Amino acid sequence: VVSGEVEVSTAWTTRPADGRLSEAGAGAVGDLASGGALAVDPQQVLATVSPDELDPNAPTDAPLLSLMARIDRGSVSGIFRHLRNAAALQWSSSWAASDRFSLFQLRRTHPGKWAQLPPDEKAVPPRDSLIPPGMRQLLRPAAEFDDAVGRYDSDRVAQEKASRVKAWITQVRARHEAARASQRYVMDTQDYVREPLLEVEAAEINCSAFLKLLEPRRKLLPQRRLRKPVPGSDSTERKIEVVVQSGFDLPVRAPSNAQRGRPKTSLFVEVRFQGQRFTTDIKSGANPAWNTILELNLAAPGGDWSQQAIMNLSDEIAFNLYDKVHRTERDERDESQLTVREESRWLGGFALPFSTLYRNGKLEGSFPLDTMPPMLLGYEKDSESRSQAFVPASALRTFLTINPLLPPPKEEERERLTTHDAKMQEFAKEWVKTIARGERHVRVFAPGADGQKMLLCRFIRPQNPPSELIGNERQLLRYVSLVPFLDDAAMEGGALDVWNTSDSFLDLGAGDQEEHAILLCNYLLAMNKESYVVLGSGIPEGLTAYVLTIEGGSPRLWNACTGRTWEKDEFDRCSLTSVGAVFNQQNIWANVGPGEAPAEVQWNLSDEKLWKPFFGKGGFARPDVLPSAQLSTLEYHRTTEDFRSGIEREVYDALQREVEELRGFRPTDWNRSVNAKLKDLLKRFEQDVAGVKKLTAIEHDATLERVRASYHMVGLPINVTYTDRNAIIKRVRETNIFLADAKKIQFALSVYVHAYPNQVCSVWVYCASLEDLRAGSSSRSS
């Protein structure tokens, strides 16, 4: 809330020919009385101003008294100019082009940049001439290089982005607090009566629980008992129980020239959380079964077990799949001596935010290896794999829970209706209750950044994509999926359930599932595709949002965060496990059919027996106008080549230093010629993922044919969205490739950065170890 005093000065005049106001001072009144702007009839001065009202000793009244004396002598011919506040006056047409107006717009649309100013310099001065240098710097194009050192400064870019997000969060929280304190919410009894009421809302009776007690016990089909939540405290030891059950469609080793037959893999899963590391037993094959139970200690930050502190816990439960390789080398000088080296080759993995496990209480299902690289040198797909890519569609079946169970998160404040569309909100609340089916995710309104609840339909409208991506739906999916992910629950200061608009989402450069899905849906609508946003539950994200397109009666699901798509015959492998509702710019449909998995759902939205519309028969009367919350046209700025090459150079230098430090006393021999070949492949990987030009296995193998004739290569490409270099370094460390050791072993490292508009960058890293086949040593892998 902003408060203060405003001083206003008004004047009337005839507009001069040149359309400008003079900025002369008040002392120039006598000299300019012969003509110029603000010219009026001198007789009006005598009729309006009395000499008795003026003080001859006041310096401000002296020019006016002098002018009236000249009028009496007849030396002034028909004009008068009052210039006490002339310098502060502007025509409305020139006001829009002023720097002050640009600062006001910047403060409203880019709060992150405004937050960079010192607290005592955030007030916009009354005149352009008084704008300090710090504010003028905000009006200039963002500098991507540090002039003092002449190089790209990623730390400053990351800091500016973090400050933008932090300022936006602060601004949204302030707006929500202001909305609660204002009359935007519909007031009820609880807003006035502070004493507890005698009436208690009766909970719904669950008859199914009583019926289960009468069911016969089956010893061969045990069921998990329901556990009671226990409030968190340091006196209660709490653990995360992880059951790694099995894996399916995992990579297998490719036979080499020196080996006969197919070598067996030795696969194990590593689980990490809060500095702890546990591994499963070693199993072989493309579909191993571990059935290993792991327990990880759970520690609250600072011993604070409150709901807000636990929701702010940013730790992730990381799963990584490794293949343990034993390399045996015989000494040429003494054949009786053998050297055995052990390597753990990384094949893929995934990570689960702890906040997701906390919200759901437990997680169970098949989790795809999202970080599996698009190519694994030295490995191939099993003969029974159904994957069409270079690598198999690998997944791990896992169960996770917290023991003892934590109390489920609850809203700190009760759900309230805002004054805007209050009747519709009240009807929607009852409508959701009547069509509720189990735990299906159904909602009609979502909180906006201004504190008001907005109808979901208002977030959908056709919006223009970047000009260089128009016409290619895979490029649009690629662009949206590369925008960094920011979970509402992980926001600083506690969970903040807010649906952001597309322009603000792109400006912040971060958002969660809803923002990604809405932007992709709006892009596809601009391509005249029948598109919807799907609300439901998925693995591993929990409550989520996907995009649905229907072409020729055939549905297709899009994950706007990961960039994956599923056709109708692939719905049984989709990470979306439950469908609750579907909406577009016209209506909201709740899934009331018997099936909730995508493969079980009938996607005929016109069938009211399966889909209940919010607007329509038995629903709310559709308003004549549904104003959109989105801008009709989105603005983009081009990412410069200096910005792209700066990231590329910095990531390469940082990784090279990290690898050399990681190897310690062992020498690191870089093969520069292989680096160039790998960089060409990285460019082709980006083109393939974006749908520009398909990369085939024949082309990939042909590029490395001469290299693999002289070296035994083990390596993989890694692709991440650029947020900071530390995340990339962590991914490269997990591969363990640079810990390999052999006689005359060499390494290759190549980095390629592909830039999209608004400084969205895709970073590719290809790392490989090269064992010289001409070294003459006899080695064997097992």
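Residues numbered from 1 in each chain as written. Predicted model: local features only at pLDDT ≥ 70, side-chain atom pairs only at ≥ 80, totals over all residues. Heavy atoms only, no water.

As for the packing of helix H15 (residues 641–663) against helix H19 (residues 725–735)
Then, number 1: Direction vectors running N to C along H15 and H19 enclose 40 degrees, while the axes themselves pass 10 Å from each other. One finds that H15 runs oblique with respect to H19. Handedness of the H15/H19 crossing: right-handed. Here Glu650, Val651, Ala654, Leu655, Glu658 and Leu662 of H15 come into contact with H19, specifically with Arg725, Ile728, Ile729, Val732 and Arg733. (Axes fitted to C-alpha atoms, helices over the stretch in contact; angles between N-to-C directions. Helix = DSSP H or I, 4+ residues; strand = E, 2+ residues; numbered from the N terminus. Parallel < 35°, antiparallel > 145°, perpendicular 65-115°, else oblique. Left-handed = near helix turned anticlockwise from the far one by under 90°. Contact = heavy atoms within 4.5 Å.)

Topic: the environment of Pro229
Then, number 1: Note that Pro229 resides in the loop between helix H8 (207–213) and strand E3 (239–248).
Then, number 2: Overall, Pro229 belongs to the partly exposed group, its relative accessible area being 40%.
Then, number 3: C-alpha separation for the pair Pro229 and Gly361, spaced 132 residues apart in sequence, amounts to 9.5 Å.
Then, number 4: Aside from chain neighbours lying at most four places away, what touches Pro229 is Leu405, Leu406, Pro407 and Pro408. (Buried < 20%, exposed > 50% of the residue type's maximum accessible area, 1.4 Å probe, protein only.)

Quick notes on the packing of aromatic side chains
The description of two aromatic rings rests on the distance between their centres and on the angle between their planes.
Then, number 1: One pass over the full model with this rule turns up 21 aromatic pairs.
Then, number 2: Centre to centre, the rings of Tyr479 and Tyr756 are 6.1 Å apart; their planes meet at 40 degrees, and the pair counts as tilted. Of the two residues, Tyr479 sits in helix H12 (residues 473–482) while Tyr756 sits in strand E23 (residues 745–756), which places them 277 residues apart along the sequence. Like Tyr756, Tyr479 is buried.
Then, number 3: With centroids separated by 6.2 Å and ring planes inclined at 10 degrees, the aromatic side chains of Phe614 and Phe620 adopt a geometry described as stacked.
Then, number 4: Feature note: the residues Phe427, Trp431, Phe614, Phe615 and Phe620 constitute an aromatic cluster, connected by ring pairs.
Then, number 5: Directly above the aromatic system of Trp305 lies the positively charged group of Arg238, at a separation of 5.4 Å from the ring centroid.
Then, number 6: Sitting over the ring of Trp558, Arg556 keeps its end group 4.4 Å from the ring centre. (Phe/Tyr/Trp six-rings, centres within 6.5 Å; stacked < 30°, edge-to-face > 60°. Lys NZ or Arg CZ within 6 Å of the ring centre and 35° of its normal.)

A closer look at the sheet that holds E23
Then, number 1: Pairing within the open sheet is antiparallel, and its 3 strands lie in the order E22-E24-E23. Looking at strand neighbours, the two that pair on one side only are strand E22 (711–721) and E23, the edges of this open sheet. Within the sheet, the average angular offset between the axes of one strand and its neighbour, ignoring direction, is 15 degrees.
Then, number 2: As defined by bridge partners, E22 adjoins strand E24 (residues 760–772) across 11 bridges and the pair is classed as antiparallel. Following the sheet pairing, Pro717 is matched in E24 by Tyr766.
Then, number 3: Each of E22, E23 and E24 is contacted by H12, which is oriented at about 90 degrees to E24, the strand it contacts most.
Then, number 4: Lying on the sheet, H15 is in contact with E23 and E24; it crosses E23 at an angle near 155 degrees. (Pairing = 2+ DSSP bridges.)

Regarding the nonpolar core
Then, number 1: Membership of the largest hydrophobic core comes to 70 residues, with the highest contact counts inside it found for Ile240, Leu298, Phe319, Phe354, Leu400, Leu655 and Val763.
Then, number 2: Among the elements that line this core, the one with the most residues is H15, at 7 residues.
Then, number 3: With near-sequence residues (within four places) excluded, Ile240 lies in contact with Phe273, Leu294, Glu295, Leu296, Leu298, Ile317, Phe354, Leu357 and Thr401.
Then, number 4: Met454, Trp499, Leu506 and Phe583 belong to the second-largest nonpolar core, a separate cluster that totals 49 residues. (Core = buried A, V, L, I, M, F, W, Y, C linked by side-chain atoms within 4.5 Å.)

A word on the pattern of salt bridges
Then, number 1: Summed over all chains, the structure comprises 19 salt bridges.
Then, number 2: Where Glu473 meets Lys529, a salt bridge forms, and the shortest distance between an N and an O atom there is 3.0 Å. A residue pair is termed long-range when its members are at least 10 positions apart, and Glu473 in helix H12 and Lys529 in the loop between helix H14 (513–526) and strand E15 (531–538) qualify at 56 residues. Across this residue pair, the class does not change: Glu473 and Lys529 are buried.
Then, number 3: For Glu641, the salt bridge goes to Arg644, with nearest N and O atoms at 2.8 Å. Linking Glu641 with Arg644, this pair stays in helix H15, spanning 3 residues, or about one helical turn.
Then, number 4: We classify Glu641 as partly exposed; its relative accessible area is 46%.
Then, number 5: Because the salt bridges share partners, they merge into one network encompassing Glu473, Lys529, Glu551, Arg556 and Glu567. (Salt bridge = Lys/Arg side-chain N within 4 Å of Asp/Glu carboxyl O.)

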